[in-house]
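# Residue-level structure breakdown
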Amino acid sequence: MTEQAPGKVDMEKIVSLCRRRGFIFPSSEIYGGLSSCWDYGPLGVELKQNIKQAWWRAVVQERDDIVGLDASILMHPQTWTASGHLQGFADALVECKNCHLRWRSDDLTGNNCPSCGGELTEPRLFNLMFKTFMGPVEEMANVVYLRPETAQGMFVNFQNVVNTTRKRLPFGIAQIGKAFRNEITTGNFIFRSREFEQMEIEFFIKPGTDEEWFNYWLEERVNWYVKLGIKRESLRLRPHTKEELAHYARVCYDIDYLFPMGWAELEGIANRGDFDLVQHASFSGKSLDYFDEETKEHIIPHIIEPSAGVDRTFLALLCDAYDEDIAEGEKRVLLHLHPDLAPIKVAVLPLSRREKLAAVAKELYADLRQCWMANYDDAQSIGRRYRRQDEIGTPFCVTVDFQSLEDNQVTIRERDSMKQIRVTIAELKKTLQAKLEGEDLFVLPPGGSIWKEGESS
Ligand code: GAP
(Lines give C-alpha, C1' and ligand atoms only; values in the text may rest on other atoms or scores of the structure.)
Protein backbone atom coordinates (compact mmCIF):
# COMPACT_ATOMS: atom_id res chain seq x y z
CA MET A 1 0.00 0.00 0.00
CA THR A 2 1.18 3.52 -0.72
CA GLU A 3 0.91 6.53 1.57
CA GLN A 4 -1.83 8.45 -0.24
CA ALA A 5 -3.53 7.52 -3.49
CA PRO A 6 -3.50 10.50 -5.89
CA GLY A 7 -6.84 12.24 -6.30
CA LYS A 8 -8.43 10.38 -3.39
CA VAL A 9 -9.98 11.97 -0.33
CA ASP A 10 -7.52 11.75 2.52
CA MET A 11 -8.33 9.34 5.32
CA GLU A 12 -8.21 12.12 7.94
CA LYS A 13 -11.34 13.67 6.43
CA ILE A 14 -13.22 10.37 6.54
CA VAL A 15 -12.16 9.68 10.13
CA SER A 16 -13.10 13.19 11.16
CA LEU A 17 -16.53 13.00 9.48
CA CYS A 18 -17.21 9.62 11.10
CA ARG A 19 -16.29 10.98 14.53
CA ARG A 20 -18.07 14.33 14.13
CA ARG A 21 -21.35 12.92 12.87
CA GLY A 22 -21.53 9.72 14.87
CA PHE A 23 -20.73 7.08 12.28
CA ILE A 24 -17.82 5.49 14.16
CA PHE A 25 -16.20 5.91 17.59
CA PRO A 26 -13.08 4.25 19.03
CA SER A 27 -14.09 1.25 21.14
CA SER A 28 -14.37 1.95 24.90
CA GLU A 29 -13.12 5.47 24.28
CA ILE A 30 -13.59 6.72 27.85
CA TYR A 31 -10.90 4.22 28.91
CA GLY A 32 -8.54 5.38 26.21
CA GLY A 33 -9.86 3.06 23.49
CA LEU A 34 -9.00 -0.52 22.58
CA SER A 35 -6.56 -0.91 19.75
CA SER A 36 -8.18 -1.73 16.38
CA CYS A 37 -11.69 -2.17 17.75
CA TRP A 38 -14.44 0.25 16.75
CA ASP A 39 -17.99 1.14 17.75
CA TYR A 40 -20.54 2.05 15.11
CA GLY A 41 -22.60 5.07 16.23
CA PRO A 42 -26.21 6.00 15.44
CA LEU A 43 -25.55 6.76 11.76
CA GLY A 44 -22.89 4.08 11.34
CA VAL A 45 -25.17 1.34 12.51
CA GLU A 46 -27.77 2.38 9.94
CA LEU A 47 -25.27 2.45 7.07
CA LYS A 48 -23.82 -0.89 8.14
CA GLN A 49 -27.29 -2.43 8.38
CA ASN A 50 -28.13 -1.12 4.91
CA ILE A 51 -24.94 -2.61 3.44
CA LYS A 52 -25.77 -6.01 4.93
CA GLN A 53 -29.36 -5.76 3.78
CA ALA A 54 -28.29 -4.89 0.21
CA TRP A 55 -25.93 -7.88 0.16
CA TRP A 56 -28.51 -10.26 1.62
CA ARG A 57 -31.09 -9.07 -0.85
CA ALA A 58 -28.74 -9.59 -3.81
CA VAL A 59 -27.39 -12.98 -2.77
CA VAL A 60 -30.26 -14.61 -0.86
CA GLN A 61 -33.60 -12.88 -1.39
CA GLU A 62 -33.34 -12.37 -5.14
CA ARG A 63 -31.87 -15.81 -5.93
CA ASP A 64 -33.29 -19.25 -5.52
CA ASP A 65 -29.92 -21.02 -5.47
CA ILE A 66 -28.58 -19.56 -2.21
CA VAL A 67 -29.94 -19.96 1.31
CA GLY A 68 -28.95 -18.15 4.50
CA LEU A 69 -27.37 -19.36 7.72
CA ASP A 70 -26.45 -17.90 11.09
CA ALA A 71 -23.98 -20.28 12.73
CA SER A 72 -22.57 -19.72 16.20
CA ILE A 73 -19.29 -17.88 16.64
CA LEU A 74 -17.88 -20.52 18.97
CA MET A 75 -17.39 -23.85 17.22
CA HIS A 76 -16.06 -27.26 18.22
CA PRO A 77 -12.25 -26.83 18.48
CA GLN A 78 -11.71 -29.70 16.03
CA THR A 79 -13.17 -27.39 13.37
CA TRP A 80 -9.97 -25.35 13.45
CA THR A 81 -7.71 -28.37 13.21
CA ALA A 82 -9.66 -29.63 10.20
CA SER A 83 -9.73 -26.21 8.54
CA GLY A 84 -5.97 -25.80 8.91
CA HIS A 85 -6.31 -22.63 10.99
CA LEU A 86 -4.57 -24.08 14.04
CA GLN A 87 -1.49 -24.99 12.03
CA GLY A 88 -1.59 -22.55 9.13
CA PHE A 89 -3.37 -19.33 10.16
CA ALA A 90 -0.27 -17.58 11.35
CA ASP A 91 1.92 -14.62 10.51
CA ALA A 92 5.69 -14.79 10.62
CA LEU A 93 6.81 -12.22 13.21
CA VAL A 94 10.14 -10.80 14.16
CA GLU A 95 10.82 -9.07 17.46
CA CYS A 96 13.15 -6.15 18.07
CA LYS A 97 15.78 -7.19 20.59
CA ASN A 98 15.99 -3.60 21.81
CA CYS A 99 12.42 -2.19 22.08
CA HIS A 100 10.60 -5.57 21.86
CA LEU A 101 8.09 -4.37 19.29
CA ARG A 102 6.90 -7.14 16.98
CA TRP A 103 6.63 -6.77 13.21
CA ARG A 104 5.29 -8.91 10.40
CA SER A 105 8.41 -9.97 8.56
CA ASP A 106 6.70 -9.61 5.16
CA ASP A 107 5.95 -5.94 5.98
CA LEU A 108 9.61 -5.06 6.52
CA THR A 109 11.93 -3.75 3.85
CA GLY A 110 15.19 -3.60 5.85
CA ASN A 111 16.80 -5.87 8.45
CA ASN A 112 16.34 -3.54 11.41
CA CYS A 113 13.46 -2.43 13.63
CA PRO A 114 11.51 0.35 11.84
CA SER A 115 10.88 2.01 15.21
CA CYS A 116 14.30 2.15 16.90
CA GLY A 117 16.65 0.58 14.35
CA GLY A 118 17.43 -2.29 16.75
CA GLU A 119 18.45 -5.82 15.79
CA LEU A 120 15.60 -8.22 14.96
CA THR A 121 15.06 -11.87 15.98
CA GLU A 122 14.53 -14.66 13.45
CA PRO A 123 10.87 -14.90 12.25
CA ARG A 124 8.52 -16.98 14.43
CA LEU A 125 4.96 -18.02 13.62
CA PHE A 126 2.19 -16.31 15.61
CA ASN A 127 -1.37 -17.69 15.39
CA LEU A 128 -4.02 -15.07 14.68
CA MET A 129 -6.94 -16.80 16.41
CA PHE A 130 -8.26 -15.48 19.72
CA LYS A 131 -8.40 -18.19 22.34
CA THR A 132 -10.85 -18.42 25.22
CA PHE A 133 -12.21 -21.07 27.59
CA MET A 134 -15.60 -22.75 27.66
CA GLY A 135 -17.00 -23.51 31.11
CA PRO A 136 -15.58 -22.57 34.51
CA VAL A 137 -12.18 -24.27 34.27
CA GLU A 138 -9.37 -22.57 32.38
CA GLU A 139 -7.47 -25.57 31.10
CA MET A 140 -6.33 -26.77 27.69
CA ALA A 141 -9.22 -29.24 27.36
CA ASN A 142 -11.68 -26.32 27.50
CA VAL A 143 -10.03 -24.06 24.94
CA VAL A 144 -12.29 -22.69 22.24
CA TYR A 145 -11.56 -20.05 19.59
CA LEU A 146 -13.39 -16.99 18.36
CA ARG A 147 -13.96 -17.77 14.70
CA PRO A 148 -11.50 -16.01 12.36
CA GLU A 149 -13.95 -16.39 9.41
CA THR A 150 -17.64 -17.25 9.11
CA ALA A 151 -16.95 -19.82 6.37
CA GLN A 152 -16.45 -22.88 8.58
CA GLY A 153 -20.00 -22.64 9.98
CA MET A 154 -21.27 -23.15 6.44
CA PHE A 155 -19.02 -26.11 5.62
CA VAL A 156 -19.98 -28.03 8.76
CA ASN A 157 -23.67 -27.41 8.03
CA PHE A 158 -23.46 -28.52 4.39
CA GLN A 159 -25.28 -31.81 4.97
CA ASN A 160 -27.89 -30.18 7.23
CA VAL A 161 -28.73 -27.69 4.51
CA VAL A 162 -28.87 -30.33 1.75
CA ASN A 163 -31.16 -32.52 3.87
CA THR A 164 -33.52 -29.77 4.99
CA THR A 165 -33.78 -27.66 1.85
CA ARG A 166 -33.38 -30.37 -0.83
CA LYS A 167 -31.16 -27.95 -2.77
CA ARG A 168 -29.36 -29.53 -5.70
CA LEU A 169 -25.93 -28.50 -7.04
CA PRO A 170 -25.03 -25.82 -7.84
CA PHE A 171 -26.25 -23.98 -4.76
CA GLY A 172 -24.82 -21.76 -2.07
CA ILE A 173 -25.01 -20.90 1.61
CA ALA A 174 -24.63 -17.28 2.67
CA GLN A 175 -23.80 -15.88 6.06
CA ILE A 176 -23.11 -12.50 7.65
CA GLY A 177 -21.37 -12.34 10.99
CA LYS A 178 -18.53 -11.30 13.23
CA ALA A 179 -15.03 -12.67 12.83
CA PHE A 180 -12.02 -12.05 15.07
CA ARG A 181 -8.31 -11.96 14.26
CA ASN A 182 -5.47 -10.98 16.51
CA GLU A 183 -3.95 -8.92 13.70
CA ILE A 184 -0.37 -7.77 14.06
CA THR A 185 -0.39 -4.87 11.66
CA THR A 186 -3.56 -2.90 12.12
CA GLY A 187 -4.41 0.67 11.25
CA ASN A 188 -5.95 2.60 8.40
CA PHE A 189 -9.05 3.14 10.53
CA ILE A 190 -11.55 0.26 10.14
CA PHE A 191 -9.65 -1.32 7.24
CA ARG A 192 -7.91 -3.92 9.38
CA SER A 193 -9.45 -4.44 12.78
CA ARG A 194 -9.36 -7.24 15.30
CA GLU A 195 -13.13 -7.63 15.40
CA PHE A 196 -14.94 -7.21 12.10
CA GLU A 197 -17.85 -8.53 10.08
CA GLN A 198 -17.82 -10.70 7.00
CA MET A 199 -20.42 -11.40 4.32
CA GLU A 200 -19.49 -14.78 2.85
CA ILE A 201 -20.96 -17.13 0.28
CA GLU A 202 -19.91 -20.76 -0.02
CA PHE A 203 -21.11 -21.84 -3.45
CA PHE A 204 -21.10 -25.62 -3.93
CA ILE A 205 -20.61 -26.83 -7.50
CA LYS A 206 -19.97 -29.98 -9.49
CA PRO A 207 -16.24 -30.66 -9.95
CA GLY A 208 -15.20 -29.58 -13.42
CA THR A 209 -17.44 -26.50 -13.49
CA ASP A 210 -14.99 -24.50 -11.32
CA GLU A 211 -13.76 -22.05 -13.92
CA GLU A 212 -17.21 -21.18 -15.20
CA TRP A 213 -18.52 -20.44 -11.68
CA PHE A 214 -15.36 -18.68 -10.56
CA ASN A 215 -15.65 -16.25 -13.48
CA TYR A 216 -19.37 -15.86 -12.87
CA TRP A 217 -18.78 -14.79 -9.26
CA LEU A 218 -15.98 -12.41 -10.15
CA GLU A 219 -18.31 -10.52 -12.47
CA GLU A 220 -21.32 -10.74 -10.19
CA ARG A 221 -19.47 -9.35 -7.18
CA VAL A 222 -17.80 -6.47 -9.02
CA ASN A 223 -21.22 -5.52 -10.42
CA TRP A 224 -22.68 -5.48 -6.91
CA TYR A 225 -20.26 -2.77 -5.79
CA VAL A 226 -20.82 -0.77 -8.97
CA LYS A 227 -24.60 -1.00 -8.55
CA LEU A 228 -24.23 0.49 -5.09
CA GLY A 229 -22.43 3.48 -6.55
CA ILE A 230 -18.72 2.62 -6.28
CA LYS A 231 -16.88 3.93 -9.33
CA ARG A 232 -15.73 1.11 -11.61
CA GLU A 233 -12.33 2.76 -12.05
CA SER A 234 -11.79 2.55 -8.28
CA LEU A 235 -12.07 -1.26 -8.43
CA ARG A 236 -9.66 -3.81 -9.87
CA LEU A 237 -9.25 -7.57 -9.90
CA ARG A 238 -5.92 -8.90 -8.69
CA PRO A 239 -4.95 -12.58 -8.95
CA HIS A 240 -3.00 -14.04 -6.01
CA THR A 241 0.51 -15.21 -6.75
CA LYS A 242 1.36 -18.84 -5.89
CA GLU A 243 3.25 -17.66 -2.78
CA GLU A 244 0.32 -15.72 -1.31
CA LEU A 245 -2.40 -18.32 -1.99
CA ALA A 246 -4.07 -19.49 1.24
CA HIS A 247 -3.54 -23.17 2.11
CA TYR A 248 -7.09 -24.06 1.04
CA ALA A 249 -7.20 -22.15 -2.26
CA ARG A 250 -6.49 -23.37 -5.78
CA VAL A 251 -7.06 -19.92 -7.30
CA CYS A 252 -7.89 -16.62 -5.63
CA TYR A 253 -8.58 -13.11 -6.89
CA ASP A 254 -8.96 -10.02 -4.74
CA ILE A 255 -11.42 -7.31 -5.62
CA ASP A 256 -9.27 -4.33 -4.67
CA TYR A 257 -10.56 -0.83 -4.01
CA LEU A 258 -8.44 2.28 -4.44
CA PHE A 259 -8.54 3.41 -0.78
CA PRO A 260 -6.89 6.69 0.28
CA MET A 261 -3.76 4.69 1.23
CA GLY A 262 -3.68 2.86 -2.11
CA TRP A 263 -5.11 -0.31 -3.68
CA ALA A 264 -6.16 -2.83 -1.04
CA GLU A 265 -8.41 -5.87 -0.70
CA LEU A 266 -12.13 -5.35 -0.39
CA GLU A 267 -13.20 -8.93 -1.08
CA GLY A 268 -11.51 -12.22 -1.88
CA ILE A 269 -12.93 -14.76 -4.34
CA ALA A 270 -11.39 -18.20 -4.01
CA ASN A 271 -11.76 -21.60 -5.61
CA ARG A 272 -11.41 -23.82 -2.52
CA GLY A 273 -11.85 -27.04 -4.50
CA ASP A 274 -12.93 -29.96 -2.26
CA PHE A 275 -10.50 -29.02 0.54
CA ASP A 276 -13.06 -28.09 3.19
CA LEU A 277 -15.58 -30.91 2.77
CA VAL A 278 -12.81 -33.52 2.56
CA GLN A 279 -11.14 -32.17 5.70
CA HIS A 280 -14.33 -31.96 7.78
CA ALA A 281 -15.48 -35.40 6.63
CA SER A 282 -12.13 -36.85 7.59
CA PHE A 283 -11.91 -35.16 11.03
CA SER A 284 -15.56 -35.69 12.01
CA GLY A 285 -15.94 -39.15 10.52
CA LYS A 286 -19.26 -38.01 8.99
CA SER A 287 -19.94 -38.27 5.29
CA LEU A 288 -20.14 -34.89 3.56
CA ASP A 289 -20.57 -36.20 0.04
CA TYR A 290 -23.44 -35.51 -2.30
CA PHE A 291 -25.47 -37.91 -4.39
CA ASP A 292 -25.64 -36.73 -7.98
CA GLU A 293 -29.05 -37.85 -9.30
CA GLU A 294 -27.93 -37.45 -12.93
CA THR A 295 -24.83 -39.63 -12.81
CA LYS A 296 -25.98 -41.75 -9.82
CA GLU A 297 -22.60 -41.10 -8.22
CA HIS A 298 -21.48 -39.85 -4.84
CA ILE A 299 -19.29 -36.79 -5.30
CA ILE A 300 -17.53 -34.20 -3.14
CA PRO A 301 -18.65 -30.79 -4.37
CA HIS A 302 -16.13 -28.05 -5.05
CA ILE A 303 -16.56 -24.63 -3.50
CA ILE A 304 -16.30 -21.12 -4.93
CA GLU A 305 -16.14 -18.58 -2.10
CA PRO A 306 -16.82 -14.86 -2.52
CA SER A 307 -15.82 -13.44 0.88
CA ALA A 308 -16.44 -9.75 1.56
CA GLY A 309 -15.86 -7.52 4.58
CA VAL A 310 -18.71 -5.36 5.87
CA ASP A 311 -16.33 -2.84 7.44
CA ARG A 312 -14.15 -2.52 4.35
CA THR A 313 -17.24 -2.07 2.18
CA PHE A 314 -18.37 0.62 4.63
CA LEU A 315 -15.01 2.41 4.32
CA ALA A 316 -14.91 2.09 0.52
CA LEU A 317 -18.45 3.45 0.20
CA LEU A 318 -17.65 6.46 2.39
CA CYS A 319 -14.41 7.20 0.52
CA ASP A 320 -16.19 6.91 -2.81
CA ALA A 321 -19.19 8.99 -1.77
CA TYR A 322 -17.23 11.80 -0.09
CA ASP A 323 -17.30 15.08 -1.97
CA GLU A 324 -16.83 18.79 -1.37
CA ASP A 325 -18.31 21.61 -3.44
CA ILE A 326 -19.38 25.21 -3.04
CA ALA A 327 -23.01 25.99 -2.26
CA GLU A 328 -24.22 29.55 -1.73
CA GLY A 329 -20.62 30.69 -1.44
CA GLU A 330 -19.71 28.19 1.27
CA LYS A 331 -17.88 24.89 1.27
CA ARG A 332 -20.32 22.00 1.31
CA VAL A 333 -19.33 18.47 2.36
CA LEU A 334 -21.61 15.82 0.95
CA LEU A 335 -21.89 12.07 0.69
CA HIS A 336 -23.25 10.85 -2.64
CA LEU A 337 -24.55 7.68 -1.00
CA HIS A 338 -26.92 5.42 -2.93
CA PRO A 339 -30.42 5.97 -1.46
CA ASP A 340 -30.58 2.29 -0.42
CA LEU A 341 -27.51 2.85 1.75
CA ALA A 342 -28.10 6.34 3.13
CA PRO A 343 -28.59 6.11 6.92
CA ILE A 344 -31.40 8.69 6.80
CA LYS A 345 -33.63 8.69 3.73
CA VAL A 346 -35.54 11.88 4.36
CA ALA A 347 -35.33 14.88 6.69
CA VAL A 348 -38.33 17.03 7.57
CA LEU A 349 -37.42 20.69 8.04
CA PRO A 350 -40.01 23.25 9.13
CA LEU A 351 -38.98 26.70 7.97
CA SER A 352 -39.66 28.10 11.44
CA ARG A 353 -40.43 26.77 14.90
CA ARG A 354 -43.82 28.52 14.97
CA GLU A 355 -46.44 26.26 16.36
CA LYS A 356 -48.69 26.04 13.33
CA LEU A 357 -45.81 25.09 11.07
CA ALA A 358 -44.27 22.70 13.59
CA ALA A 359 -47.59 20.87 13.99
CA VAL A 360 -47.81 20.14 10.25
CA ALA A 361 -44.12 19.21 10.02
CA LYS A 362 -44.30 16.87 13.01
CA GLU A 363 -47.34 15.12 11.62
CA LEU A 364 -45.51 14.61 8.33
CA TYR A 365 -42.43 13.34 10.16
CA ALA A 366 -44.52 10.86 12.16
CA ASP A 367 -46.04 9.61 8.94
CA LEU A 368 -42.79 9.33 6.94
CA ARG A 369 -40.92 7.46 9.65
CA GLN A 370 -43.43 4.64 9.29
CA CYS A 371 -41.74 4.00 5.94
CA TRP A 372 -38.14 5.17 6.29
CA MET A 373 -35.46 6.29 8.71
CA ALA A 374 -36.27 10.00 8.94
CA ASN A 375 -34.89 13.03 10.77
CA TYR A 376 -36.63 16.10 12.13
CA ASP A 377 -34.51 19.23 12.36
CA ASP A 378 -35.69 22.72 13.28
CA ALA A 379 -32.41 24.15 14.66
CA GLN A 380 -30.60 27.04 12.93
CA SER A 381 -31.03 28.39 9.39
CA ILE A 382 -32.50 26.25 6.64
CA GLY A 383 -29.17 26.45 4.77
CA ARG A 384 -27.30 25.03 7.74
CA ARG A 385 -29.85 22.24 8.08
CA TYR A 386 -29.50 21.29 4.42
CA ARG A 387 -25.69 21.17 4.90
CA ARG A 388 -26.07 18.88 7.91
CA GLN A 389 -28.16 16.45 5.89
CA ASP A 390 -25.85 16.64 2.84
CA GLU A 391 -22.90 15.74 5.04
CA ILE A 392 -24.52 12.48 6.16
CA GLY A 393 -25.83 11.62 2.70
CA THR A 394 -29.58 12.16 3.21
CA PRO A 395 -30.98 12.00 -0.35
CA PHE A 396 -34.05 14.20 0.24
CA CYS A 397 -35.19 17.00 2.52
CA VAL A 398 -38.84 17.97 2.83
CA THR A 399 -39.37 21.61 3.72
CA VAL A 400 -42.58 22.87 5.28
CA ASP A 401 -43.10 26.62 4.85
CA PHE A 402 -45.85 29.13 5.55
CA GLN A 403 -47.37 28.59 2.14
CA SER A 404 -47.79 24.92 3.08
CA LEU A 405 -50.42 25.98 5.60
CA GLU A 406 -52.47 27.45 2.77
CA ASP A 407 -51.90 25.12 -0.18
CA ASN A 408 -51.07 21.80 1.56
CA GLN A 409 -47.87 21.57 -0.47
CA VAL A 410 -44.26 21.05 0.59
CA THR A 411 -40.92 21.15 -1.23
CA ILE A 412 -38.67 18.18 -1.83
CA ARG A 413 -34.99 19.08 -2.15
CA GLU A 414 -32.56 16.68 -3.78
CA ARG A 415 -29.13 16.32 -2.11
CA ASP A 416 -26.83 16.14 -5.13
CA SER A 417 -28.38 18.78 -7.43
CA MET A 418 -29.90 20.91 -4.62
CA LYS A 419 -32.89 21.33 -6.97
CA GLN A 420 -36.40 21.39 -5.55
CA ILE A 421 -39.91 20.43 -6.55
CA ARG A 422 -43.16 21.24 -4.84
CA VAL A 423 -45.73 18.51 -4.30
CA THR A 424 -49.01 18.11 -2.47
CA ILE A 425 -48.82 16.49 0.95
CA ALA A 426 -51.22 13.82 -0.34
CA GLU A 427 -48.65 12.82 -3.02
CA LEU A 428 -45.55 13.17 -0.81
CA LYS A 429 -45.00 9.56 0.25
CA LYS A 430 -45.59 8.11 -3.19
CA THR A 431 -43.29 10.73 -4.73
CA LEU A 432 -40.51 10.11 -2.22
CA GLN A 433 -40.80 6.38 -2.80
CA ALA A 434 -40.36 6.87 -6.55
CA LYS A 435 -37.41 9.25 -6.11
CA LEU A 436 -35.69 6.87 -3.66
CA GLU A 437 -36.06 4.18 -6.30
CA GLY A 438 -34.23 6.40 -8.79
CA GLU A 439 -36.94 8.36 -10.61
CA ASP A 440 -35.74 11.73 -11.97
CA LEU A 441 -36.57 14.60 -9.62
CA PHE A 442 -38.39 16.50 -12.34
CA VAL A 443 -40.88 13.73 -13.07
CA LEU A 444 -43.76 15.38 -11.25
CA PRO A 445 -46.75 13.83 -9.49
CA PRO A 446 -50.28 15.22 -10.10
CA GLY A 447 -50.39 18.80 -8.79
CA GLY A 448 -46.56 19.01 -8.57
CA SER A 449 -44.38 21.82 -9.89
CA ILE A 450 -40.74 22.72 -10.25
CA TRP A 451 -39.67 25.06 -7.47
CA LYS A 452 -38.00 27.96 -9.13
CA GLU A 453 -34.81 29.71 -8.04
CA GLY A 454 -35.67 32.58 -5.68
CA GLU A 455 -38.85 30.94 -4.45
CA SER A 456 -36.67 28.46 -2.63
CA SER A 457 -37.51 27.97 0.99
N1 GAP B 1 -13.16 -17.22 4.30
C2 GAP B 1 -12.14 -16.56 3.57
C3 GAP B 1 -11.60 -15.41 4.24
O4 GAP B 1 -11.87 -15.14 5.41
P5 GAP B 1 -10.01 -13.35 3.89
O6 GAP B 1 -9.44 -12.78 2.63
O7 GAP B 1 -9.09 -13.64 5.01
O8 GAP B 1 -10.80 -14.66 3.44
C9 GAP B 1 -12.24 -12.05 3.60
O10 GAP B 1 -11.15 -12.38 4.42
C11 GAP B 1 -12.61 -10.59 3.76
O12 GAP B 1 -12.80 -10.26 5.14
C13 GAP B 1 -11.51 -9.62 3.29
O14 GAP B 1 -11.58 -9.39 1.90
C15 GAP B 1 -11.85 -8.37 4.07
O16 GAP B 1 -12.88 -7.63 3.44
C17 GAP B 1 -12.40 -8.93 5.38
N18 GAP B 1 -11.34 -8.91 6.42
C19 GAP B 1 -10.40 -9.85 6.63
N20 GAP B 1 -9.61 -9.50 7.67
C21 GAP B 1 -10.07 -8.30 8.12
C22 GAP B 1 -9.70 -7.42 9.18
N23 GAP B 1 -8.71 -7.71 10.00
N24 GAP B 1 -10.40 -6.28 9.34
C25 GAP B 1 -11.44 -5.97 8.53
N26 GAP B 1 -11.84 -6.77 7.53
C27 GAP B 1 -11.18 -7.92 7.31
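Residues numbered from 1 in each chain as written. Predicted model: local features only at pLDDT ≥ 70, side-chain atom pairs only at ≥ 80, totals over all residues. Heavy atoms only, no water.

Check the secondary structure of the chain and you find 13 helices and 24 strands. When its C-alpha atoms are laid out on the principal axes, the chain stretches across 75 × 65 × 45 Å. Considering only residue pairs separated by 6 or more positions, the chain has 65% of its internal contacts joining residues 24 or more positions apart. Positive and negative charge centroids in the chain, built from 55 and 70 side chains respectively, lie 4 Å apart. (Helix = DSSP H or I, 4+ residues; strand = E, 2+ residues; numbered from the N terminus. Contact = heavy atoms within 4.5 Å. Lys, Arg positive; Asp, Glu negative; His and termini not counted. Charge placed at Lys NZ, Arg CZ, Asp CG, Glu CD.)

Compared with the 16 Å implied by 1.5 Å per residue over 12 residues, the 17 Å span of helix H13 (residues 425–436) between its first and last C-alpha is a close match. Of the positions making up H13, those classed as buried are Glu427, Leu428, Thr431, Leu432, Ala434, Lys435 and Leu436. In this structure, the buried side of H13 is in contact with strand S19 (346–350), helix H10 (355–368), strand S21 (396–400), strand S22 (409–414) and strand S23 (420–424). (Expected span 1.5 Å × (residues − 1). Buried < 20%, exposed > 50% of the residue type's maximum accessible area, 1.4 Å probe, protein only.)

We now examine the nonpolar core. Grouped together as the largest cluster of nonpolar side chains are 60 residues, with contacts concentrated most on Ile14, Phe23, Phe259, Phe314 and Leu315. Here the element with the most residues in this core is helix H9 (residues 310–321); it accounts for 8 residues. Setting aside anything within four residues of it in sequence, one finds Phe259 in contact with Ala5, Lys8, Phe191, Ala264, Glu265, Leu266, Arg312, Leu315 and Ala316. Among the nonpolar cores identified, the runner-up in size contains 20 residues, and Val398, Val400, Leu428 and Leu441 belong to it. (Core = buried A, V, L, I, M, F, W, Y, C linked by side-chain atoms within 4.5 Å.)

Here we come to the packing of aromatic side chains. By the definition in use, this model includes 15 aromatic pairs. Between Tyr40 and Phe314 the ring centres are 5.1 Å apart and the planes differ by 75 degrees, which places this aromatic pair in the edge-to-face class. Separated by 274 residues along the polypeptide, Tyr40 in strand S2 (residues 38–40) and Phe314 in helix H9 bring together distant segments of the chain. As far as the burial class goes, Tyr40 and Phe314 line up, both buried. With a centroid separation of 6.1 Å and an interplanar angle of 10 degrees, the aromatic rings of Phe158 and Phe171 are classed as stacked. Placement of the pair is Phe158 in helix H6 (residues 158–165) and Phe171 in strand S9 (residues 171–180), with a sequence separation of 13 residues. (Phe/Tyr/Trp six-rings, centres within 6.5 Å; stacked < 30°, edge-to-face > 60°.)

Time to look at unusual backbone geometry. Cis geometry is found at the peptide bond from Leu169 to Pro170, where omega equals -5 degrees. Among the secondary structure elements, Pro170 is positioned in the loop between H6 and S9. For Asn408, which is not glycine, the phi dihedral falls at a positive 55 degrees.

Not every one of the 21 residues close to the ligand is listed here, only the nearest: Glu149, Arg181, Glu183, Glu200 and Glu265. Between the ligand and the protein, one listed contact pairs a nitrogen atom with a side-chain N or O atom of Glu305 at 2.9 Å. A distance of 3.0 Å separates an oxygen atom of the ligand from a polar atom in the backbone of Gly309. When residues of the shell around the ligand are traced back to their parent elements, those giving at least two are strand S10 (195–205), strand S13 (262–273) and strand S16 (302–309). For the shell around the ligand, the leading source of residues is S13, giving 5 residues. For the shell around the ligand, the per-class residue count stands at 6 nonpolar, 5 polar and 10 charged. (Near = heavy atom within 4 Å. Polar contact = N/O pair within 3.5 Å; in protein donor to acceptor, adjacent residues only side chain to side chain. Nonpolar A, V, L, I, M, F, W, Y, C, P; charged D, E, K, R; others polar.)

Take the side chain of Glu202 next. Within the secondary structure layout, Glu202 lies in strand S10. For the buried Glu202, no salt bridge exists, and the shortest N-O distance to an oppositely charged side chain is 4.8 Å, to Arg272. (Salt bridge = Lys/Arg side-chain N within 4 Å of Asp/Glu carboxyl O.)

Here we take up the sheet that holds strand S3 (residues 66–69). Read from one edge to the other, the open sheet built from 7 strands follows the order S3-S9-S10-S16-S13-S12-S11, with strand pairing classed as mixed. Across the chains shown, the open sheet's two edge strands, defined by having one partner strand only, are S3 and strand S11 (235–239). Along the sheet, successive strands turn relative to each other by an average axial angle of 25 degrees, direction set aside. Relative to the sheet, helix H7 (residues 210–227) contacts S3, S10, S11, strand S12 (251–259), S13 and S16, its axis offset from that of S13 by approximately 150 degrees. Here helix H8 (residues 275–284) sits on the sheet and contacts S10, S13 and S16; the angle it forms with S13, its principal contact strand, is near 60 degrees. (Pairing = 2+ DSSP bridges. Axes fitted to C-alpha atoms, helices over the stretch in contact; angles between N-to-C directions.)

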